Amino acid sequence: MGMTPAQASAPGPGPRQPGARAAIAWFAVALAGSALLGLLAGLIWSEVAPRALLQEVSPGTAEFVNVETSAFIVADGWFCLISAAAGLITGLLGYRFLLTARTGARAAEGVRAAAAAGLILGGIAGAFVMLWLGEQIGLSGYDQHLGSSPDGTLFPGSLALGAKSALAFWPLVTAVIILVSEWGTRRSASPSPDDSAAVDD
């Protein structure tokens, strides 16, 4: 009886792995959410941060009424405080809704890593958005006073961040919250020595 050599069929493409698309999607969600929160943080900073008082001395020239004003230091302090609060929010909510829900399968590890990276990079983006919006609010009024007010007019100066290192507060707090939450979750999931002894018995 003759035997016909069987031809090996080419392996099919197999089921699609949604990991890459999911990772990109959750990375974008985390990044965009933090950037949007930066708009709200910028509005809050512009409202609560004090501004130095200026006096017009000639068209286009103004001087500080009090050269020893603490407005700049207080404004930087408010920026750090609001950034830390925003980092706490993005860290807690991001871990709860973007990371905790995907602790099951190994395939989700890449998605969780992408979401964590998106939260931390989103914190950087949110801090810059906060800085940009806070400095823009009131800038047009400042320019108008500076260019057209008569001599002797008192008006608030523009808002500015003196300590640029404050931009690191948001992503730093977010990263710490994610690391601490992940450590606590893994520790609670691992069996304790008492549990292991009970199983052996």
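The paragraphs below set out a description of the structure included in this document. (Residues numbered from 1 in each chain as written. Predicted model: local features only at pLDDT ≥ 70, side-chain atom pairs only at ≥ 80, totals over all residues. Heavy atoms only, no water.)

**Quick word on the packing of aromatic side chains**
Going through the model one piece at a time under the given rule, you end up with three aromatic pairs. Ring plane angle 80° and centroid distance 5.0 Å describe the contact between W45 and F79, whose orientation is recorded as edge-to-face. Taken as a pair, W45 in helix α1 (residues 19-48) and F79 in helix α2 (residues 71-99) lie far apart in primary sequence, 34 residues in all. Looking at W45, the relative accessible area reads 0%, which means it is buried. (Phe/Tyr/Trp six-rings, centres within 6.5 Å; stacked < 30°, edge-to-face > 60°. Helix = DSSP H or I, 4+ residues; strand = E, 2+ residues; numbered from the N terminus. Buried < 20%, exposed > 50% of the residue type's maximum accessible area, 1.4 Å probe, protein only.)

**Overview of the side chain of T153**
One can find T153 in the loop between α4 (139-148) and β3 (154-156). Of the polar contacts made by the side chain of T153, one reaches the backbone oxygen of P150; its length is 2.7 Å. Apart from the residues lying within four places of it in its own chain, the contact partners of T153 are L54, Q55 and E56. (Polar contact = N/O pair within 3.5 Å; in protein donor to acceptor, adjacent residues only side chain to side chain. Contact = heavy atoms within 4.5 Å.)

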